[in-house]
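One-letter residues, chain by chain:
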Protein chains: 4
Amino acid sequence: MLETLKTAVWEANMALPRYGLVTFTWGNVSARDHETGHILIKPSGVDYEALKPGDIVVLDKEGRVIEGSLRPSSDTPTHLALYARYPDLGGIVHSHSPQATSWAQAERAIPLYGTTHADYFFGPVPCARLLTQEEIATDYEHNTGLVIIETLDNLGINPMHTPGALCAKHGSFTWGKDAAQAVYHAVVLEEVARMATLTETINPSVKPAPEALRDKHFYRKHGPDAYYGQG
Amino acid sequence: MLETLKTAVWEANMALPRYGLVTFTWGNVSARDHETGHILIKPSGVDYEALKPGDIVVLDKEGRVIEGSLRPSSDTPTHLALYARYPDLGGIVHSHSPQATSWAQAERAIPLYGTTHADYFFGPVPCARLLTQEEIATDYEHNTGLVIIETLDNLGINPMHTPGALCAKHGSFTWGKDAAQAVYHAVVLEEVARMATLTETINPSVKPAPEALRDKHFYRKHGPDAYYGQG
Amino acid sequence: MLETLKTAVWEANMALPRYGLVTFTWGNVSARDHETGHILIKPSGVDYEALKPGDIVVLDKEGRVIEGSLRPSSDTPTHLALYARYPDLGGIVHSHSPQATSWAQAERAIPLYGTTHADYFFGPVPCARLLTQEEIATDYEHNTGLVIIETLDNLGINPMHTPGALCAKHGSFTWGKDAAQAVYHAVVLEEVARMATLTETINPSVKPAPEALRDKHFYRKHGPDAYYGQG
Amino acid sequence: MLETLKTAVWEANMALPRYGLVTFTWGNVSARDHETGHILIKPSGVDYEALKPGDIVVLDKEGRVIEGSLRPSSDTPTHLALYARYPDLGGIVHSHSPQATSWAQAERAIPLYGTTHADYFFGPVPCARLLTQEEIATDYEHNTGLVIIETLDNLGINPMHTPGALCAKHGSFTWGKDAAQAVYHAVVLEEVARMATLTETINPSVKPAPEALRDKHFYRKHGPDAYYGQG
């Protein structure tokens with residue numbers, strides 16, 4: 001079932017090592033079929049070199065395996081929590097890509113330092129707080145999803161305008177309207193993180209970009225008055 | 001029309017990802033036909049993998065499309081402003097290459113720290129100021145060109161001796177006698193930016209290279225007494 | 001003899017340059033045959049491009065050559081000392097990979113800054129002290145093994161839970177149940193080292209990850225209740 | 001004439017871009033034929049992609065072209081000065097490789113922070129002083145050679161034990177018994193420079209490696225008691 005989407009999820013997963021975002025099995029991509037609500041996700045701990053489209057696991061929205069002989073990613077409950085809360089999400093990426101993960105380990109949001117960032121993220125990339133000991137002990141992966149949602153809620157962030165977040169001491173999640181766009185945003189995040197670190201090295205007292213520049217770049221690519229691209 | 005130049009502009013665009021200067025569609029190259037004054041430029045938001053020579057858009061110097069079925073790059077008005085002011089320019093590159101863009105985000109000119117820099121840029125690579133809210137709101141891309149010109153004017157810079165500039169919080173523009181040379185200068189800029197960051201990390205109180213060394217290296221490659229290369 | 005293991009050791013050695021862990025001949029991998037106690041190791045100073053499975057040297061546990069026409073790696077006594085002390089080790093890697101070696105040169109243990117680290121190393125990656133002048137003068141390579149053991153002993157470290165250590169001013173050793181896993185841990189160490197440096201650059205007052213998060217990630221991959229992977 | 005050596009010099013030149021040491025034409029390799037004293041060197045400003053063995057220029061030791069239709073590298077007088085002073089040199093590399101050049105731009109010698117360095121350089125990699133305005137104005141490239149010699153003399157350095165030096169605000173020269181070994185040392189220098197920068201970032205108060213460790217590593221690879229490699 002859902003063979004076309006299965007292939008798209010497989011392709012999105014295969015793109016992670018090609019873009020230098022994952023070492024070994026440290027990442028996964030999922031997608032949602034909007035009609036049935038089913039979630040398709042990478043199986044846990046399978047090498048990218050060995051991964052085949054048929055290995056992609058199909059789950060219902062409660063996370064029960066509907067199709068596939070392999071265990072889904074151990075991060076599945078995080079994906080499910082995000083899909084449940086945000087109906088517009090069609091794809092999610094989890095990765096330990098080095099530049100973004102270093103900001104997560106540093107427990108800092110990535111400031112909006114320039115137009116490369118503003119073209120895709122309408123504000124800083126937020127960093128969710130550490131989980132409590134209790135949240136770690138029980139339903140860790142589900143709670144990882146909840147703390148991302150809590151972070152976006154507290155900051156009043158529209159997830160379709162800021163398509164990603166860092167998890168303190170862990171890694172990043174990015175998302176989009178489908179799996180391919182979620183991967184695209186993971187690549188953007190890694191580049192934005194790399195440049196933010198360099199920017200602060202070059203000028204330790206640097207300030208974020210002004211709001212007018214952020215708005216200009218975000219809205220020339222997104223929304224009703226966008227004029228970037230072929231329309 | 002202008003098929004040879006169209007191919008040259010296509011090749012120059014394709015060189016950007018090959019040199020690691022662009023991710024996705026974050027860059028563009030244009031060239032001017034000196035005889036007609038026409039400008040040839042990459043279409044907006046087209047993937048490099050899909051770009052074909054026939055996709056290059058031909059414009060007159062006021063920016064009206066003369067040939068081509070795609071929208072020109074959204075940065076076209078910046079290119080046009082630079083061509084209008086500097087009659088010797090034959091090619092321009094815009095890029096978000098990470099090392100140079102980090103200096104732009106840090107809002108600092110790149111000091112001339114060594115002969116690699118002096119071989120191609122006769123002084124620091126300047127960083128144009130942020131645009132005002134008004135300049136962003138109306139004719140943003142045209143004003144980006146004007147602020148580069150303002151910066152070169154204020155510093156008394158000859159654009160053929162300092163073939164590039166940074167735009168605060170944005171990215172870089174480089175140029176040259178043709179599209180290929182503009183790409184060459186974009187590669188030089190990225191290397192020079194990378195080494196300048198490292199240089200300040202290694203020695204936070206480092207000083208720029210002396211003028212005598214700058215002059216020696218610049219003029220052994222450029223001008224009537226040049227003796228580098230095969231003459 | 002031991003042709004299958006010889007091929008595995010050759011493959012593990014060939015993986016080092018492929019993962020970017022060695023320049024020229026700066027690294028070596030060994031394995032132990034648990035039945036005979038024999039050690040198989042790369043020959044000294046042989047280029048990876050020229051290395052063949054038949055070049056792998058077979059030694060008894062005292063280090064006498066049993067098979068092979070080439071001299072074993074000059075680091076062999078370090079490998080032997082570790083195998084002698086830790087009966088569970090089946091493979092060892094020595095490398096001068098740049099990120100981990102820079103921590104060794106800085107004489108600092110790598111703090112546990114995140115889950116990528118905790119997935120494989122149950123605590124900081126320790127850094128062994130400098131050898132004394134006497135330890136360098138006589139049996140240098142053997143003493144290098146002893147000082148790693150001393151370090152793990154002093155810190156109460158289980159080598160199967162913290163599968164690697166840095167040697168002050170030198171490089172790293174990693175290990176595992178076999179040669180392939182030792183290489184895997186060398187790749188992890190390099191990534192963890194890279195991110196630790198970036199993490200401290202981004203936030204100079206960063207703190208290590210809490211123990212609860214370390215435990216969660218380590219034990220979801222290792223031990224009786226592990227649920228990562230396909231079981 | 002000297003066709004075998006010409007091919008070796010061509011191969012050594014071609015190795016520079018393969019090892020990531022040069023961008024465009026920013027580097028050159030020469031070799032000396034010990035019998036005739038002739039010097040073979042890359043022609044000036046020729047792209048590596050276009051370079052052929054027959055393009056290598058043959059000079060006598062005073063620098064007069066004996067064979068070849070192209071101009072020799074503009075850095076030829078530096079090479080000649082070093083060959084004239086050091087009879088054991090058989091090959092020299094000049095490069096602007098980013099890590100080493102950043103130390104040159106920072107005007108700092110590279111401290112001996114570990115065994116990777118000590119395996120090939122018996123002490124810090126020295127940094128020659130800036131040339132005076134007079135030395136730049138007249139015979140710049142020849143004076144670049146003289147200031148390297150002055151530096152080694154002042155520090156009592158044996159060039160066969162410390163096979164390279166930095167030139168303030170410029171780049172590096174490395175050398176060896178032949179062109180291939182000079183390239184090998186250029187690769188070592190770049191790695192050593194990369195790790196020295198990282199080492200100081202990780203530990204700003206780091207100290208150089210002790211002399212006993214330097215001696216151990218240098219002499220296990222070099223001299224009558226060497227035991228590294230296949231003898």
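These remarks concern the structure in this document. Along each chain, numbering runs from 1 in the same order as the chain's sequence is written. A letter from A marks each chain and a number from 1 marks each ligand, given out in the order of writing. Since the coordinates come from a predicted model, pLDDT governs what is reported: local features require at least 70, and pairs of side-chain atoms require 80 or more to be given and counted, while whole-chain, interface and lining totals use all residues. The side-chain quantities take in all heavy atoms of the structure and omit both hydrogens and water.

Topic: the sheet that holds strand E4 (residues 65–67) of chain D
The strands making up a sheet are joined through hydrogen bonds of the backbone, oriented either antiparallel or parallel.
Residues and elements named next belong to chain D.
Line of reasoning, step 1. An order of E4-E3-E2-E1-E5-E8-E7-E6 is seen for the eight strands of this open sheet, with the pairing classed as mixed. The open sheet has two edge strands, E4 and strand E6 (127–128), and neither has a second partner.
Line of reasoning, step 2. Pairing between strands requires that DSSP locate at least two bridges from one strand to the other. In this text, helices come from DSSP runs of H or I with a minimum length of four residues, and strands from runs of E with a minimum of two, each type numbered from the N-terminal end. Both strand E1 (residues 27–32) and strand E2 (residues 39–41) contribute to a ladder of three bridges, which runs antiparallel. Along E2, the bridge assignment pairs Arg 32 with Ile 39.
Line of reasoning, step 3. Here, residues are in contact when the closest pair of their heavy atoms is within 4.5 Å. To define axes, lines are fitted to C-alpha atoms, for helices over the stretch in contact only, and angles between the resulting N-to-C directions are given on a 0 to 180 degree scale. Along the sheet face, helix H1 (residues 3–18) touches E1, E2, strand E3 (57–59), E4 and strand E5 (91–95) and points at about 155° away from the line of E1.
Line of reasoning, step 4. Sitting on the sheet, helix H2 (residues 76–85) touches E1, E2, E3, E5 and strand E8 (171–176), and the angle it makes with E1 is about 35°.

Considering the interface of chain A and chain B
Line of reasoning, step 1. Contacts between the two partners involve 34 residues from chain A and, on the opposite side, 32 residues from chain B.
Line of reasoning, step 2. Defined here as a combined quantity, buried area equals the accessible surface (1.4 Å probe) lost by two parts on assembly, summed across both. The contact between chain A and chain B buries some 2900 Å² in all, and 58% of this surface belongs to carbon and sulfur atoms.
Line of reasoning, step 3. One side-chain nitrogen of Lys or Arg within 4 Å of one carboxyl oxygen of Asp or Glu is enough to make a salt bridge. Linking chain A to chain B there are two salt bridges.
Line of reasoning, step 4. In the analysis that follows, any N or O atom pair within 3.5 Å is treated as a polar contact, provided that within protein one partner can donate a hydrogen and the other can accept it, and provided that, for residues neighboring in sequence, both atoms belong to side chains. Across the contact surface, chain A and chain B share 19 residue pairs in polar contact (both at pLDDT 80 or more).

Re the side chain of Lys 6 of chain C
Line of reasoning, step 1. Position of Lys 6 of chain C among the secondary structure elements: in helix H1 (residues 3–18).
Line of reasoning, step 2. Those residues within four positions of Lys 6 of chain C in sequence are excluded, and the remaining contacts are Met 1, Leu 40, Pro 53, Ile 56, Val 58 and Glu 67 of chain C.

A closer look at the packing of aromatic side chains
All names here are of chain A.
Line of reasoning, step 1. Stacked, tilted and edge-to-face pairs are distinguished by plane angle, under 30 degrees for stacked and over 60 for edge-to-face with tilted covering the rest, among Phe, Tyr and Trp rings (Trp via its six-membered ring) whose centres lie within 6.5 Å. Throughout the structure, instances matching the rule amount to 32 aromatic pairs over all chains.
Line of reasoning, step 2. For the pair Phe 24 and Trp 26, a centre-to-centre distance of 5.9 Å together with 65° between the ring planes defines the contact as edge-to-face.
Line of reasoning, step 3. Working definition: with a 1.4 Å probe on protein chains only, accessible area under 20% of the residue-type maximum means buried, over 50% means exposed, and in between means partly exposed. Phe 24 sits in the buried class, given a relative accessible area of 16%.
Line of reasoning, step 4. Ring geometry for Tyr 120 against Tyr 184: centres 5.4 Å apart, planes inclined by 55°, an arrangement best described as tilted. One end of the pair, Tyr 120, is in the loop between helix H4 (115–118) and strand E6 (127–128); the other, Tyr 184, is in helix H7 (residues 179–202), with 64 residues separating them in the sequence.
Line of reasoning, step 5. According to the relative accessible area criterion, Tyr 120 is buried, its value standing at 7%.
Line of reasoning, step 6. Charge over a ring is defined by NZ of Lys or CZ of Arg lying within 6 Å of the ring centre and within 35 degrees of the ring normal. Its end group placed over the ring of Tyr 48, Lys 42 keeps NZ or CZ at 4.8 Å from the ring centre.

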